[in-house]
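Remarks on the overall topology
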Amino acid sequence: MTSALETEVEDAPRRSRKRAPGGGLGRYILIRFLLIIPTIFILMTMVFFLMRITGDPLTAALGGRLTPAQLAERRAEAGYDRPLIVQYFDYLGGVLRGDFGTTYSDNTPVSEVLTTYGAATFELVMYALVVALLLGVPLGMIAARTRDRWPDAVLRIIAILGYATPVFFVGLLLKLVFSVGLGWLPVAGRLSTEGQISMSTILNPTPFFLLDALRLGDMELLGDVVRHAILPAVALGILTGGIFLRLVRTNMIGTQDMQYIESARSRGVAERRLTTRHALRPALIPIITVMGMQVALMLGGAVLTETTFEWNGLGYMLAEYMKARDYVAVQGIVMMLAVIVAVSNFVVDVVAALIDPRVRY
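Below you will find a few notes about this structure.

Considerations on the overall build of the protein chain
Of the regular secondary structure elements, the protein chain holds 15 helices and 0 strands. Each of the 361 residues in the protein chain was classed as buried or not, and the buried ones make up 44%. Of the contacts formed within the protein chain by residues at least 6 apart in sequence, a portion of 75% connects residues at least 24 apart. For the protein chain, the computed accessible surface area is about 18,800 Å², with 66% contributed by carbon and sulfur atoms.

Examining empty space enclosed by the protein
This model, assessed by the stated rule, comprises 1 cavity of 30 Å³ or more. Of the volumes computed, that of the largest cavity is approximately 40 Å³. Every residue along the wall of the largest cavity is listed here: Pro186, Val187, Ala188, Gly189, Arg227, His228, Leu231, Pro232 and Phe309. In terms of residue count, helix α11 (residues 219–256) provides more of the lining of the largest cavity than any other element does, 4 residues in total. A class-by-class count of the residues in the lining of the largest cavity yields 6 nonpolar, 2 polar and 1 charged.

Looking at the packing of aromatic side chains
If you walk through the whole model with that rule in mind, you get 8 aromatic pairs. Considering the side-chain rings of Phe48 and Phe49, the 5.2 Å spacing of their centres and the 85° angle between planes classify their relative orientation as edge-to-face. Taking 6.1 Å as the distance between ring centres and 45° as the angle between the ring planes, the aromatic pair formed by Phe178 and Trp184 counts as tilted. Taking the relative accessible area as the measure of exposure, Phe178 reaches 27% and is therefore partly exposed. Connected via pairs of aromatic rings, a cluster forms that spans Phe48, Phe49, Tyr88, Phe89 and Tyr91. In this structure, Lys175 is placed above the aromatic ring of Phe309, and the distance from its NZ or CZ to the ring centre is 5.7 Å.

Let's talk about helix α14 (residues 314–323)
The element α14 is extensively covered by neighbouring structure, given that 7 of its 10 residues are classed as buried. When α14 is considered as a whole, its buried residues turn out to be Leu314, Gly315, Tyr316, Met317, Leu318, Ala319 and Tyr321. Backbone geometry just downstream of α14 places Arg325 in the positive-phi region, at approximately 60°.

Rules and cut-offs
Residues numbered from 1 in each chain as written. Predicted model: local features only at pLDDT ≥ 70, side-chain atom pairs only at ≥ 80, totals over all residues. Heavy atoms only, no water. Helix = DSSP H or I, 4+ residues; strand = E, 2+ residues; numbered from the N terminus. Buried < 20%, exposed > 50% of the residue type's maximum accessible area, 1.4 Å probe, protein only. Contact = heavy atoms within 4.5 Å. Areas by Shrake-Rupley, 256 points an atom, 1.4 Å probe, with all protein chains shown as cover. 1 Å grid on protein atoms, 1.4 Å probe; cavity = no way out; pocket = protein on both sides within 12 Å on 5 of 7 lines; lining within 4 Å. Points joined across faces, edges and corners; volume = space filled by probe spheres on them. Nonpolar A, V, L, I, M, F, W, Y, C, P; charged D, E, K, R; others polar. Phe/Tyr/Trp six-rings, centres within 6.5 Å; stacked < 30°, edge-to-face > 60°. Lys NZ or Arg CZ within 6 Å of the ring centre and 35° of its normal.

In structure tokens, the structure reads:
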């Protein structure tokens, strides 16, 4: 009897999953994928022209360090003396060939900057996402189960503080307590000096330190990687964890009041099982649907987090190149961040369409 009831409760949210006529999952995925192209194109165009409001990138980066004659010669060599629209189409053609230009401050191909430092940012965002889920989901469940009691009120205040407190302030506070005060964790960087030496022994290394440490099978190196990642991941993860907490709480409260939950409760299904199995699943759907936006939020927060912890990722390098007024590098990094956000939203939309019966395609 109980087994049949539990099966009925589990199947209740998935009933009546009907799709709109004239469409299909393949068509929906194709449309969402094609929307990535104009999104990136518009942002790339905006960045290109906005970066040139104050002049060409070469003058911005090297003006004052070269004589006017030298600067004019360098501008002619780079093609910045041509009409702006011609420069734009040249840049567009280079991007289509995978050529994002060369930085002026350190003479490095922008594509190399993206691959080297993009992996660091990707690792940080993944660590922070894990922290956000580990904090937001369990605490959101507790808040929903203790609705309108003091634990719920405390957790709601914590959630507000989590996404309202500036990420750089949280990072500095964590460094002050756990690095300077207690001495438990490193102050900054992705690896210690000893870890960098060990990492240099790996043949064909990847830009992902965690993956390389696992490949090497060195537990001490792996611990070094994890210790350096904890504080930046927590500082960035708290930002999104507060949002996840509020989402889980609100949606679990709404789900617990649904008729099939009340019916199961009246027939004796355990409260713990109702919460963890039947109310939680529908409550997690909004988290999945907003996760693409949270990736964008984390990438924005990564600039401050990486600067605070000297984590050599795209955010840290973006700040450095902006200080150097190296607009070619800034263009490439901003475009890469836009691609990451657009692809993340695409993946999230597809997953949401597969699991959420309210999505129509």
